[in-house]
Amino acid sequence: MDVLLDGLVEALRLLATGDEDTWAITALTLRVSLGATAVALLVGVPLGTAVAVARFPGRRVLLAGANTGMGLPPVVVGLFVTVLLWRSGPLGAFGLLYTPAAMVIAQAAIATPVVVALVAVALQQVDPDFRVQMQALGATPLRAHLALLAEARLPLLAAAMAAFGAVVSEVGAAQMVGGNLVGQTRVLTTAAVLATSRGQFALAIAFGLILLLIAFAVNLVLTVVQQRTAVPR
Amino acid sequence: MDVLLDGLVEALRLLATGDEDTWAITALTLRVSLGATAVALLVGVPLGTAVAVARFPGRRVLLAGANTGMGLPPVVVGLFVTVLLWRSGPLGAFGLLYTPAAMVIAQAAIATPVVVALVAVALQQVDPDFRVQMQALGATPLRAHLALLAEARLPLLAAAMAAFGAVVSEVGAAQMVGGNLVGQTRVLTTAAVLATSRGQFALAIAFGLILLLIAFAVNLVLTVVQQRTAVPR
Amino acid sequence: GAAPSAERSLILATTTSTQDSGLLDELLPAFTAATGWQVRTVAVGSGQAIELGRRGEADVLLVHSPAAEEELVAEGTAGQRRLVMHNDFVLLGPAADPAGIRGVTAVEAVARIAAARAVFVSRGDDSGTNAAEDGLWSAAGVAPGGTWYQETGQGMGETLRVASELGGYTLSDRATHLAQRDTLALEVLGEGDPGLLNVYHVIEMTTRAGDRVQPDGAAAFAGWIVSAPAQELIGGFGTAEFGQPLFTADAGRNPATPGG
Amino acid sequence: MSIGCRDLRVRAGHREVLHVDALDVADGSTLAVLGPNGAGKSTLLRALGLLLPPRRVTGEVLLDGRPATVDGMRSAVAAVLQRPILRRGTVAANVASGLRLRGAGRAGSLARVAPWLDALGVAHLAARDARTLSGGEAQRVSVARALAVGPRVLLLDEPFAALDAATRADLLADLRAVLDGRRTATVLVTHDRNEARALATRTALLVGGRVRGLGPTAEVLDRPVDEDTARLLGFTNLLPPDGDGPRRVARPEDCRAGPDPVAGAVRGTVRRVVGLGEVTRVDVDTAAGPVMCLHPGPAPAVPSPGGAAHVVASATRALGDGVDPVRPPASPAPGTGGSAGRVRSGRPR
Amino acid sequence: MSIGCRDLRVRAGHREVLHVDALDVADGSTLAVLGPNGAGKSTLLRALGLLLPPRRVTGEVLLDGRPATVDGMRSAVAAVLQRPILRRGTVAANVASGLRLRGAGRAGSLARVAPWLDALGVAHLAARDARTLSGGEAQRVSVARALAVGPRVLLLDEPFAALDAATRADLLADLRAVLDGRRTATVLVTHDRNEARALATRTALLVGGRVRGLGPTAEVLDRPVDEDTARLLGFTNLLPPDGDGPRRVARPEDCRAGPDPVAGAVRGTVRRVVGLGEVTRVDVDTAAGPVMCLHPGPAPAVPSPGGAAHVVASATRALGDGVDPVRPPASPAPGTGGSAGRVRSGRPR
Ligand SMILES: Nc1ncnc2c1ncn2[C@@H]1O[C@H](COP(=O)(O)OP(=O)(O)OP(=O)(O)O)[C@@H](O)[C@H]1O
Ligand SMILES: Nc1ncnc2c1ncn2[C@@H]1O[C@H](COP(=O)(O)OP(=O)(O)OP(=O)(O)O)[C@@H](O)[C@H]1O
Ligand SMILES: [Mg+2]
Ligand SMILES: [Mg+2]
């Protein structure tokens, strides 16, 4: 148990002394995770909207795929992306392997199904007449969909937070495509894994706590925004 | 790229030949993941309901906590649970470390915040008068809440699938508290990691594909159930 | 000793290399068959394995990080430490060998790599391999650092992969390299140097490390792995697959000069 | 702008819930659509506004005589759906949202909606969260939102249903005054014959998804063609024909039940007598079916239930015959019993 | 069972939207609640049913004269909210859900609801997905669901608003007949004075969250006490007093505007003339305020807008004075303008 306490103390020490490495790792974590979340939202929101409102053959299978995709094992995604980015792979020429860009790609692949699945169900929960009423006021399809998204912003923010949570916490893909290189692709999760494998359990827990702290900060802001839009009861 | 193809072939071979180890690993994966999901639902649904419908001080912070919890790094959870289950830890006497039970505990801890956050937002999306109307028909609080949950079963199933996805795909906690013991705690993700670190990429991808296959089977069933309850448009 | 009981199980903390190479898959069933002890293997970095021993979370260790091991033994919580086996490290690099280390001694090789500022990929995870590498740097009088020196903080397999993709040099145990060489663009550029021995010891933990440590289990495992049947298994492991053994059985030899 | 349709059919869950051969609402005129619950009024309104999924609809909708495109329709139409569906945000933002959705700027739209907030008596609610409104307040906001758009085609689905009587009367006059000055084509779905009279030059009677009457409002409301439309128009009592003539119908308020046989009276048995405040309702079972009489005053001199009674109607209408043939109701949905699938005229049995 | 309240106050968003000193609905009787939009009728109904969050409510609700507990209320009450809120599932399952929520078995409840499906004319929809219903069909289902429970207290919030006229008339009589045989206390919120007359022995007038009139229905509906209640009861025209007497009010249909000054006429200027089908509405601005006259026929002999007119009322009521003092409206919400926060009587301006 004292390990947990030591971890807390260590986390405070790292934050208080402004340990440079820790800051760099934290900053990279935020950059990569937010970047991946942004990409996932850009791709996933339109897809999720289509699944929710359009009728096309294979809609259910796509949705089942997205739901399954929420369970995409990061290691497997990491392996796929790695194989693609290998020098011998189809995208090898870009030299992206073991760069933050590669991590963003892999993590976006992990987060996109989460966004698609949760956006789809969020929009399906909105009154089906909502979009009709928007069109009945002269909305073009694009504007009607934007209005629908605005109406569902409570669950949409939850989807964004779930996506962020999925990427900020995962280690398999970050490790595999990033390589956990010091000063280049080491993020808080991979640093925690390394500390663990070195037997520095307190340090590992400290990294974990710092990770939770920044995730909490991000989510507290989003939650306040989200709940401000909740129906007053 | 041929690695991916090899992986596919290997996956088919393992499934076709009924490789005993693979079946055992797959069965354990399902048992642990479904068990953890069940525990997470048992704990998370009442909590999420409370966050959605009750008004109490700290409600938003709890919700922000749950939203953050969607980003709980499995390695950190794994470490926490490991420390608790250590022989020297408070729960050491039960000898749970490196058993499937320990994996269920750790994975349930990972999935519970997902359930809480998504259930809360799911219920908040239901017409606020719904619960009032149920009470107005004589429903006790318990029955009113059950009716509310039934009404929101579309997003509730999505929450269940997100939780299942989070646990079936994670490797950090499974590795740490399970120890990846052959025949005892080896699941598909940890097997894939081991195969990767052994350089058996095709085998790793095969395990990943099998994982996706069972996740898809589970989710296809749930998606069909879910979408059968969607509003016909 | 006591009659073996089917329910008894012990925890073995070991390095990833013994698991990744597949050695344990061969040894443990034989051990269980011989003694009745079930083994829960926790394959982790040497640092973590030793830390688990120190905390009494493991009953017996099979590790290859001599300096850290001696430190642990000096603390007094461990029991016997016995030599089990060794293999050797190899210096790997791209076929082009930009730093020109082919054929030179290990210490000279790392000095040349540093001088050429050629990419070197280190595990950087306090593992036994990492410790051996550190030994080479200090012998060469170099404090590695800078953009050419990359630390992965990961296991051997992953580190080999990174070195291959980055076209860099690295130090690896022979077993892992042999197992993965087909998928790597790395060649053996340095081997056979006495400085490149990778020695594994078994360490029994005692109740001084923690109340729940099972010294009898530890003794059973340590005693078995240095016994003749186990040593035979070790000495033959890998021949079938790679045409050469991956480890050399060393039990009973002089701890200072294994293989010698 | 005029709106109309040709051979418009709408399916819902394996049934055809609407089939309108032709309908035209001219420039600047208003068509009222009257019909029992489930007749397909809302469906018709949505179909006209191209607001249904195309796969459910066949036939043509015309704008100014030409087949309507979706874009053309969106820019012309504003509709008030039966349930007020408001967006998150303030009342003012909601009323402005029709303009905003058409691309107007935020400030400009907010300024333009002020008179409409006033006209619908919700100016004091402008800053209120739309989700806290009462039922009637929400409906007013929904109406204001559609009117603020200044549409060329206005589709109103029971827009006054939740309004209090005084406001409804005022709004009726206000709306008429607004529409009189415009070239807007308006379709008004309503259950209230007075609303139809007040606002609509022409009226369509819809029963079971089919138009059963169409023409100038006063004429249509006064000339039931069959049992269903008679009931719809308040002529709920079906009386036997005079000799060989057509069947006759009468309003309950024009019927009286008495103990004595008089000339032209219909004989029957009193089923029940229900006091309804200032009037008393007497249900009499006759050979032609049940007849309902509304007597003024609390206790009329009628036989008690089970007794014989004679019903006299002071005013009757003859049902038109052959004018607009009564078509069979939409075919029942497969898998449901024949009678269950029938589009009912809403009479509880 | 009887239901009532004492000093019941409800807050919403910093305002007090309801304050009722005392109200009692006896065993087997029906109270109608009439009021303009936003008056607090739905709020009152929910407060009586203990359906509001307790933190918003103070005061007491009584069941059979004793303070009501939540459990006691739940077992006694069934309410129809203003918007029909149906569950996923079939119509039959929805109508049964009141019984199911009270713990009845599935088969038993389904059997018990059949007569109610019939009574509300939705038997043919029994197997239909409740989310495909039309507005009126949904409202019928919602009413059937509440009645099926057989409650001892029945709370109805505009239950007939979306129903077609014929059904509404039938249902009124049916409901009256059902309630007559029971000891159910019923509260009926409505905008329709005829519904109040038909169903309620007593009526309460609610304006701005306060009870402004309470008594036997016929009396209350015929005796406006102030401007607001006059408007509510259809006496929308405020006329100057006869000498020192009380102010007088009149219904628009009892007022005529003519070009010539006659004895007792009120002078004014014609503002607009709006044709409303069979009647014509003439708005005249007088010193006492705007007066609305409804003339039968399409083109009455009235001056055109801007001209002088004289208004004669064939029937007037004197406003009661001092009987029930007009209280100030609820205080405005902080942060909103004084006038914006005022509870309006709903008249568009
Ligand atoms: N959160 C809130 N803040 C301010 N006012 C509120 C809030 N919630 C409700 N109100 C107001 O309380 C008043 C009473 O509402 P209620 O629903 O009881 O009216 P009602 O008499 O039923 O009206 P209607 O005839 O339109 O149904 C309304 O003016 C409404 O706008
Ligand atoms: N999916 C469906 N399957 C079967 N019938 C359907 C479906 N959707 C709608 N309907 C039926 O179509 C009919 C027409 O509905 P519509 O909403 O147009 O009625 P309405 O005339 O507006 O009635 P109301 O006066 O109650 O609003 C209704 O009987 C309705 O139940
Ligand atoms: Mg309708
Ligand atoms: Mg209301």
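The structure displayed is predicted, hence computed values, not measured ones. (Residues numbered from 1 in each chain as written. Chains lettered and ligands numbered in written order. Predicted model: local features only at pLDDT ≥ 70, side-chain atom pairs only at ≥ 80, totals over all residues. Heavy atoms only, no water.)

As for the packing of helix H2 (residues 20-53) of chain A against helix H11 (residues 201-228) of chain A
Residues and elements named next belong to chain A.
- Running from N to C, H2 and H11 cross one another at 45°; their axes reach a closest spacing of 11 Å. By the angle class used here, H2 and H11 are oblique. With respect to the hand of their crossing, H2 and H11 are arranged in right-handed fashion. Where H2 abuts H11, its residues Thr22, Thr26, Thr29 and Leu30 lie against Phe207, Ile210, Leu211, Ile214 and Val218.
- Of the residues belonging to the contact of H2 with H11, the class tally is six nonpolar, three polar and no charged. (Axes fitted to C-alpha atoms, helices over the stretch in contact; angles between N-to-C directions. Helix = DSSP H or I, 4+ residues; strand = E, 2+ residues; numbered from the N terminus. Parallel < 35°, antiparallel > 145°, perpendicular 65-115°, else oblique. Left-handed = near helix turned anticlockwise from the far one by under 90°. Contact = heavy atoms within 4.5 Å. Nonpolar A, V, L, I, M, F, W, Y, C, P; charged D, E, K, R; others polar.)

Notes on the coordination of the magnesium ion (ligand 3)
- Every protein donor of the magnesium ion (ligand 3) is accounted for by Ser42 of chain D (OG) and Gln82 of chain D (OE1), and the metal-donor separations fall at 1.9 to 2.2 Å. On the criterion of sequence distance, the pair formed by serine 42 of chain D in helix H1 (residues 41-48) and glutamine 82 of chain D in the loop between strand S6 (77-80) and helix H3 (91-101) is long-range, its members being 40 residues apart. (Donors = N, O, S within 2.8 Å, 3.2 Å for Na, K, Ca; no water.)

Here's the deal with the site of ligand 1
- Residues in close proximity to ligand 1 total 21 residues, the closest being Ser134 and Gly136 of chain D together with Lys41, Ser42 and Thr43 of chain E.
- Nearby residues place ligand 1 at the junction of chains D and E.
- In this structure, an oxygen atom belonging to ligand 1 sits 3.2 Å away from a side-chain N or O atom of histidine 191 of chain E.
- Burial of ligand 1 by the surrounding chains reaches 89%, relative to a free accessible area of 650 Å².
- Those elements giving two or more residues to the shell around ligand 1 turn out to be helix H5 (135-148) of chain D together with strand S2 (15-25) and helix H1 (41-48) of chain E.
- Class assignment of the residues belonging to the shell around ligand 1 gives a composition of four nonpolar, twelve polar and five charged. (Near = heavy atom within 4 Å. Polar contact = N/O pair within 3.5 Å; in protein donor to acceptor, adjacent residues only side chain to side chain. Areas by Shrake-Rupley, 256 points an atom, 1.4 Å probe, with all protein chains shown as cover.)

Structural notes on the sheet that holds strand S16 (residues 289-296) of chain E
- Overall, antiparallel pairing links the five strands, which are arranged S13-S17-S14-S15-S16 (chain E) in an open sheet. Either end of the sheet is taken by a strand with one partner, and the two such strands are strand S13 (255-258) and S16 of chain E. In this sheet, adjacent strand axes meet at a mean angle of 40° when their direction is disregarded.
- Here four bridges tie S13 of chain E to strand S17 (residues 308-313) of chain E, and the two strands are oriented antiparallel to one another. Directly across from arginine 256 of chain E, in S17 of chain E, lies its bridge partner valine 312 of chain E.
- Sitting on the sheet, helix H6 (residues 165-180) of chain D is in contact with strand S14 (266-276), strand S15 (279-286) and S16 of chain E, with an inclination near 70° to S14 of chain E. (Pairing = 2+ DSSP bridges.)

Comments concerning the environment of threonine 183 of chain C
- Mapped onto the elements, threonine 183 of chain C comes out in the loop between helix H8 (174-180) and strand S8 (187-190).
- C-alpha of threonine 183 of chain C to C-alpha of proline 94 of chain C: the two residues are 89 residues apart in sequence and 13 Å apart in space.
- Leave out the neighbours within four places in its chain, and threonine 183 of chain C touches Gly199 and Phe201 of chain B together with Arg161 of chain C.
- Among the polar contacts made by the side chain of threonine 183 of chain C, one reaches the side chain of arginine 161 of chain C at a distance of 2.8 Å.

Focus: unusual backbone geometry
- Even without being a glycine, tyrosine 98 of chain A presents a positive backbone phi close to 65°.
- As for its position among the elements, tyrosine 98 of chain A is in the loop between helix H4 (74-85) and helix H5 (100-125).
- With a phi close to 45°, glutamate 158 of chain D is a non-glycine residue in the positive phi region.
- With respect to the secondary-structure elements, glutamate 158 of chain D resides in the loop between strand S7 (153-157) and H6.

Observations concerning the domain arrangement of chain D
Residues and elements named next belong to chain D.
- You can read the domains of chain D as domain 1 (3-223 + 324-341) and domain 2 (229-318).
- The three residues of domain 1 that bury the most area against domain 2 are Arg193, Leu205 and Asp222, which together make up 56% of that side's buried surface.
- Counting every contact that joins domain 1 to domain 2 gives one salt bridge.
- The closest approach of N and O atoms between arginine 317 and aspartate 222, which form a salt bridge, is 2.8 Å.
- Connecting domain 1 to domain 2 are three residue pairs in polar contact (both at pLDDT 80 or more). (Domains from an automatic or database assignment. Buried area = accessible area lost by both parts, 1.4 Å probe. Salt bridge = Lys/Arg side-chain N within 4 Å of Asp/Glu carboxyl O.)

Let's talk about the UniProt feature "transmembrane region" (unreviewed entry) in chain A
- Taken from the UniProt record, the annotation "transmembrane region" (unreviewed entry) applies to residues 32-54, 61-86, 98-123, 144-168 and 201-225 of chain A.
- Across residues 144-168 of chain A one finds 96% helix and 0% strand; the C-alpha atoms that close the span lie 33 Å apart. (UniProt positions renumbered as here; feature names shortened; annotations may be inferred.)

Describing the confidence of the model for chain D
All names here are of chain D.
- The share of residues in chain D with pLDDT of 70 or more is 91%, and the mean pLDDT across the chain is 86.
- No element of chain D has a lower mean pLDDT than H6, at 84, and none a higher one than H1, at 97.
- Scored below 50 in pLDDT, residues 321-349 shows 53 contacts in the model against residues more than four places distant or in partner chains.
- Among the prediction metrics, the complex's ipTM stands at 0.84, with pTM recorded as 0.86. (pLDDT = per-residue confidence, 0-100.)

Notes on the relation of the copies chain A and chain B
- By a simple turn and slide, chain A fits onto chain B: the slide is 0.0 Å along the axis, the RMSD is 0.1 Å, and the turn is 180°. Taken together, the rotation and translation relating the two chain copies correspond to the operation of a two-fold axis. Identified as the residue of chain A closest to the rotation axis by C-alpha distance is glutamine 125 of chain A, at 3.4 Å.
- When the interface residues of chain A are mapped onto chain B, 100% of them again lie at the interface, so the same face is used by both copies. (Least-squares fit on C-alpha atoms with pLDDT ≥ 70 in both.)

A look at a positive patch on the surface
- Residues Arg55 and Arg60 of chain A, Arg228 of chain B together with Arg11 and Arg55 of chain D make up a contiguous surface patch of positive charge.
- With respect to the secondary-structure elements, arginine 60 of chain A resides in helix H3 (residues 59-69). (Patch = residues over 30% accessible without salt bridge, like charges linked within 9 Å, V, L, I, M, F, W, Y side chains within 5 Å. Lys, Arg positive; Asp, Glu negative; His and termini not counted. Charge placed at Lys NZ, Arg CZ, Asp CG, Glu CD.)

Concerning the interface of chain C and chain A
- Each partner contributes to the interface: chain C provides 20 residues, whereas chain A provides 19 residues.
- Interface of chain C and chain A: buried area, both sides summed, is about 1,700 Å²; carbon and sulfur atoms make up 49% of it.
- Our count for the contact surface shared by chain C and chain A stands at one salt bridge.
- Here chain C is connected to chain A by eleven residue pairs in polar contact (both at pLDDT 80 or more).
- The greatest single-element share of the side of chain C that touches chain A, amounting to five residues, is contributed by helix H7 (residues 156-166) of chain C.
- Each residue belonging to the side of chain C that touches chain A can be placed in one class, and the counts come to three nonpolar, ten polar and seven charged.

Observations concerning the sheet that holds strand S1 (residues 3-12) of chain E
Residues and elements named next belong to chain E.
- With respect to topology, four strands assemble into an open sheet ordered S2-S1-S4-S5, the strand pairing being antiparallel. Strand pairing shows two members of the sheet lacking a second neighbour, S2 and strand S5 (66-67), which therefore form its edges.
- Direction of pairing for S1 relative to S2: antiparallel, over a ladder of nine bridges. For glycine 4, the partnering residue across the bridge sits in S2 and is aspartate 24.
- Sheet strands touched by H1: S1, S2 and strand S4 (57-63). Its angle to S1, the strand with the most contacts, is close to 120°.

Some remarks on the site of ligand 2
- With respect to spatial proximity, 21 residues lie near ligand 2, and among them Ser42 and Thr43 of chain D together with Ser134, Gly136 and Glu137 of chain E are the closest.
- Neighbouring residues of ligand 2 are not confined to a single chain but are spread across chains D and E.
- One of the side-chain N or O atoms of histidine 191 of chain D is found 3.2 Å from an oxygen atom in ligand 2.
- Separating an oxygen atom of ligand 2 from a backbone N or O atom of glycine 136 of chain E is a distance of 2.6 Å.
- Going through the elements one at a time, strand S2 (15-25) and H1 of chain D together with helix H5 (135-148) of chain E are the ones with two or more residues in the shell around ligand 2.
- Taken together, the residues of the shell around ligand 2 break down into four nonpolar, twelve polar and five charged.

Describing the interface of chain A and chain B
- At the interface, 67 residues of chain A touch 67 residues of chain B.
- Summed over the shared surface of chain A and chain B, the result is zero salt bridges.
- Looking at the side of chain A that touches chain B, the elements with two or more residues in it are helix H1 (2-16), H3, H4, H5, helix H8 (153-169), helix H10 (188-197) and H11 of chain A.
- Considering each element in turn, the side of chain A that touches chain B owes the most residues, 15 residues, to H11 of chain A.
- Partitioning the side of chain A that touches chain B into residue classes produces 47 nonpolar, 15 polar and five charged.

What to know about the environment of valine 9 of chain A
- Note that valine 9 of chain A resides in helix H1.
- A relative accessible area of 52% means that valine 9 of chain A is categorised as exposed. (Buried < 20%, exposed > 50% of the residue type's maximum accessible area, 1.4 Å probe, protein only.)

Focus on the state of the cysteines
All names here are of chain E.
- The full count for this structure, using the stated rule, is zero disulfides over all chains.
- In this structure cysteine 255 is not part of a disulfide, and its nearest cysteine sulfur, from cysteine 293, lies 5.2 Å away.
- Look at cysteine 255 and you get buried, because its relative accessible area is 0%.
- Classification of cysteine 293 as buried rests on a relative accessible area of 0%. (Disulfide = S-S within 2.5 Å.)

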